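Residues per chain are reported as follows:
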Amino acid sequence: QVQLVESGGGLVQPGGSLRLSCAASGSIFRINTMGWYRQAPGKQRELVAQITSGGITNYADSVKGRFTISRDSAKNTVYLQMNNVSPEDTAVYYCNADVLATTLRWGNYWGQGTQVTVSS
């Protein structure tokens, strides 16, 4: 069993910063790509940023230059540094990971989500 637990969400003012964390735990042999998605009310879930095990990153155009994804492979943790946020960034943010379990089966896992609200 693999679990992803996000933390760091909350209320932030426009132009402010927030850092999200997501820790993976359980029967993990190896983790490949980790990423962050978000879902705003009435909208589909969308990719925010991804990072491969080799450190290659990919960002949605809407967050390029403002958000930075990073990971600590030793801790099975991925981070999302959010700078210069705007009300359009308000959403539930979900962590996602491709995990090879100790059973040697690959699986795609989601966290429970953390709310980010940008408002003055």
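Residues numbered from 1 in each chain as written. Predicted model: local features only at pLDDT ≥ 70, side-chain atom pairs only at ≥ 80, totals over all residues. Heavy atoms only, no water.

Further remarks concern the packing of aromatic side chains. Applying the stated rule across the entire model yields 2 aromatic pairs. Ring geometry for Y37 versus W110: centroids 5.0 Å apart, planes at 65°, classification edge-to-face. Pair noted here: Y37 is in strand β4 (residues 28–39) and W110 is in strand β10 (residues 106–110), with a separation of 73 residues, a long-range link. On the basis of relative accessible area, Y37 is assigned to the buried category, the value being 18%. The class for W110 is partly exposed, based on a relative accessible area of 38%. With 6.5 Å between their ring centres and 85° between their planes, Y94 and W110 make a pair best called edge-to-face. On the criterion of sequence distance, the pair formed by Y94 in strand β9 (residues 91–101) and W110 in strand β10 is long-range, its members being 16 residues apart. Taken together through their ring pairs, the aromatic side chains of Y37, Y94 and W110 make up a single cluster. For R19, the ring lying beneath its charged end belongs to Y79, and the centroid distance is 4.1 Å. Seen from the ring of Y94, R45 lies directly overhead, with NZ or CZ sitting 3.7 Å from the centre. (Phe/Tyr/Trp six-rings, centres within 6.5 Å; stacked < 30°, edge-to-face > 60°. Helix = DSSP H or I, 4+ residues; strand = E, 2+ residues; numbered from the N terminus. Buried < 20%, exposed > 50% of the residue type's maximum accessible area, 1.4 Å probe, protein only. Lys NZ or Arg CZ within 6 Å of the ring centre and 35° of its normal.)

Right, let's get into the pattern of salt bridges. Across all of its chains, the model carries 4 salt bridges by this definition. Between K64 and D61 there is a salt bridge, and its shortest N-O distance comes to 3.1 Å. A relative accessible area of 64% places D61 in the exposed class. Of the charged contacts in the structure, one is a salt bridge between R66 and D89, with a shortest N-O distance of 2.8 Å. Residue R66 is found in the loop between β6 (57–59) and β7 (67–72), and its partner D89 is found in the loop between β8 (77–82) and β9; the two are separated by 23 residues along the sequence. Connected via shared salt-bridge partners are R38, E46, R66 and D89. (Salt bridge = Lys/Arg side-chain N within 4 Å of Asp/Glu carboxyl O.)

So, on to the environment of T77. Structurally, T77 can be placed in strand β8. A sequence separation of 42 residues divides T77 from S119, and the C-alpha atoms of the two residues are 28 Å apart. The contact partners of T77, leaving out residues within four places of it in the chain, are C22, A23, M34, S70, R71 and D72. (Contact = heavy atoms within 4.5 Å.)

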